[in-house]
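Single-letter residue listing:
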Amino acid sequence: MNTSTNYDDAFEDIKRRAFLLYWNELTSEYFLPNTIVLAIYLSIGLAGNIAVILVYQFGLDKKTDGRYFIVPLAWIDTTALIVTAAFNLTRNMKPVIFPGHGACKLLIYLSYVTTCTSLFLLNAIAVQRYLKICKPFGSQMNIVWKRFSVLICTIVSVLLYIPVLFYYGIVETINHSLGNISGHQCNKLPGSPSQLSGLKIFQGFGFFVTISNVVTITVLYICITIAIVKQLNRMKFIKVRRDNVIVTTSDATGQTYAPKIQVNLQSATSDTEISMDTSTRMNETQEHTTKTATKKSTFRISFMFMTISIVAFLAYLPSWTFIVIETNNPAFWKSLPPTAFHICLTLRRMYMINHFCNPFIYGAFDYSFREKIKKMFCKK
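Residues numbered from 1 in each chain as written. Predicted model: local features only at pLDDT ≥ 70, side-chain atom pairs only at ≥ 80, totals over all residues. Heavy atoms only, no water.

Glancing now at a nonpolar patch on the surface. On the surface, a nonpolar cluster with roughly 930 Å² of combined accessible area is contributed by Trp145, Phe148, Leu151, Ile152, Ile155, Val156, Val158, Leu159, Ile162 and Phe166. By residue number, the principal contributor to the nonpolar patch is helix α5 (residues 143-160), which donates eight residues. Along the polypeptide, Ile152 turns up in helix α5. Among the residues examined, Ile152 registers a relative accessible area of 34% and is labelled partly exposed. (Patch = residues over 30% accessible without salt bridge, like charges linked within 9 Å, V, L, I, M, F, W, Y side chains within 5 Å. Areas by Shrake-Rupley, 256 points an atom, 1.4 Å probe, with all protein chains shown as cover. Salt bridge = Lys/Arg side-chain N within 4 Å of Asp/Glu carboxyl O. Helix = DSSP H or I, 4+ residues; strand = E, 2+ residues; numbered from the N terminus. Buried < 20%, exposed > 50% of the residue type's maximum accessible area, 1.4 Å probe, protein only.)

This part takes up the UniProt feature "transmembrane region" (unreviewed entry) in the chain. As recorded in UniProt, the feature "transmembrane region" (unreviewed entry) lies at residues 30-56, 68-87, 107-127, 148-170, 205-229 and 301-325. Within residues 148-170, the helical portion is 74% and the strand portion 13%, while the C-alpha atoms at the span's ends are 37 Å from each other. Taken end to end, residues 301-325 is 100% helix and 0% strand, and its two terminal C-alpha atoms sit 37 Å from one another. (UniProt positions renumbered as here; feature names shortened; annotations may be inferred.)

Time to look at the state of the cysteines. For the structure on display, the rule yields one disulfide. Cys223 provides the cysteine sulfur closest to Cys134, a residue in no disulfide bond, and the two sulfurs are 5.8 Å apart. By relative accessible area, which is 22% here, Cys134 ends up partly exposed. (Disulfide = S-S within 2.5 Å.)

Between its first and last C-alpha, helix α4 (residues 101-134) extends 49 Å over 34 residues, near the 50 Å set by a 1.5 Å rise per residue. Among the 34 residues that make up α4, 24 are buried, leaving the element largely enclosed by the rest of the structure. (Expected span 1.5 Å × (residues − 1).)

Looking now at the side chain of Asn24. Of note, Asn24 is situated in helix α1 (residues 2-30). Each residue touching Asn24, except ones within four places of it in the same chain, is listed here: Met93, Lys94, Pro95, Val96 and Ile97. (Contact = heavy atoms within 4.5 Å.)

Turning our attention to the packing of helix α2 (residues 32-59) against helix α3 (residues 70-93). As a packed pair, α2 and α3 sit with axes 9 Å apart at the nearest point and diverge in direction by 160°. Of the possible angle classes, the one that applies to α2 and α3 is roughly antiparallel. Here α2 runs over α3; the crossing is left-handed. Between α2 and α3, the contacting residues are Asn34, Thr35, Leu38, Tyr41, Leu42, Gly45, Leu46, Asn49, Val52, Ile53, Tyr56 and Gln57 on the first element and Ile70, Val71, Ala74, Trp75, Asp77, Thr78, Leu81, Ile82, Ala85, Asn88, Leu89 and Asn92 on the second. Here the contact of α2 with α3 is composed, by residue class, of 15 nonpolar, eight polar and one charged. (Axes fitted to C-alpha atoms, helices over the stretch in contact; angles between N-to-C directions. Parallel < 35°, antiparallel > 145°, perpendicular 65-115°, else oblique. Left-handed = near helix turned anticlockwise from the far one by under 90°. Nonpolar A, V, L, I, M, F, W, Y, C, P; charged D, E, K, R; others polar.)

Take the nonpolar core next. Counting 66 residues, the largest nonpolar core has Leu121, Ile125, Tyr161, Tyr221, Met304, Phe305 and Tyr362 as the members making the most contacts within it. Breaking this core down by element, the ones donating at least two residues are α2, α3, α4, α5, β1 (168-175), α7 (193-246), α8 (271-328) and α10 (358-365). The greatest single-element share of this core, amounting to 15 residues, is contributed by α4. Not counting residues up to four positions away in its chain, the partners in contact with Leu121 are Phe69, Pro72, Leu73, Ile76, Val150 and Cys153. (Core = buried A, V, L, I, M, F, W, Y, C linked by side-chain atoms within 4.5 Å.)

A word on the pattern of salt bridges. This structure, assessed with the given rule, holds two salt bridges. The shortest N-O distance in the salt bridge between Lys188 and Glu326 comes to 3.6 Å. Remark: Glu326 occurs in helix α8 and Lys188 occurs in strand β2 (residues 181-188); sequence separation between them is 138 residues. Here Lys188 and Glu326 have matching classes, each one buried. Between Glu326 and Arg348 there is a salt bridge whose closest N-O contact spans 3.4 Å. You can see Glu326 sitting in helix α8 and its partner Arg348 sitting in helix α9 (residues 338-348), a full 22 residues away along the chain. The pair formed by Glu326 and Arg348 is uniform in burial state, with each residue classed as buried.

Okay, structure coming up:
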């Protein structure tokens, strides 16, 4: 009798597991389009960020002041890309058999921390560029403060998102069409009305911090843009004046001379005085050209980081929007038809674009990086 009961229990357990795996397979197939998108994000992002780290850390002989933050940002983006891809791919491939309560909490927590650290670091970069462009004669961020800012961004993110560990975890879900089979998803934990209110307050605070970062970055780059435009106009005006002075004219005998060169030809006893004064003018011109090129390089790096910040904002915006929607409407995702579901899910996870697009921006703005990449990967 006991043996028969054990067989029945074993059979029911096998049947339950079979139905659970079948349910998981059907759901993972439903998520397949998004899984392919995430795999593309991961492959492109890893290759691009590793190339950035190799080039800026080891490949470039001269690392300018503006390039310091590129390597820390690339490391953070690489970590964020790996963590977020691992989390989202696991949710797609094991949607109802997510492997473990601790893994769920840890992956969600690290996703928030790394993503937020990247945003905070963009804020620190904006401050550094503001001081460099708008306050060139004031206090600047030296190497110690740059390292300290990276550390502060990380610590603040680690502390800010500790509540995530209490609000997310493994949640039981039931499929009534398969005989009330229960599965486990990584999602928001159910709780009392006070707990749900706490979650909304936490998300509201996180949203406020994020918006504050975006507003700060926007204001700083507006100031930077105004300063750059003014300096470019001043440089253009100076160049026009120099060109007007240096331009050669003809005297009454038809001989050309440059009024910029202060040499009295009648009193000169040899070519030495003419040569020395001409050499001085040439050195001044070369020095001016070097300073102009340095300023333009500084401006270009500032525009590069400005573009990175704009792309980051555009990548985060849909995610923030859907977080607000799904918090206030838990049944939102279940009510969507398949096509709309996949479009919305891609937009919900669009923040991952921020972690793999930067190498393309570096390639567009940084000539040295572009040339080094060509040498590394386009050898004949």
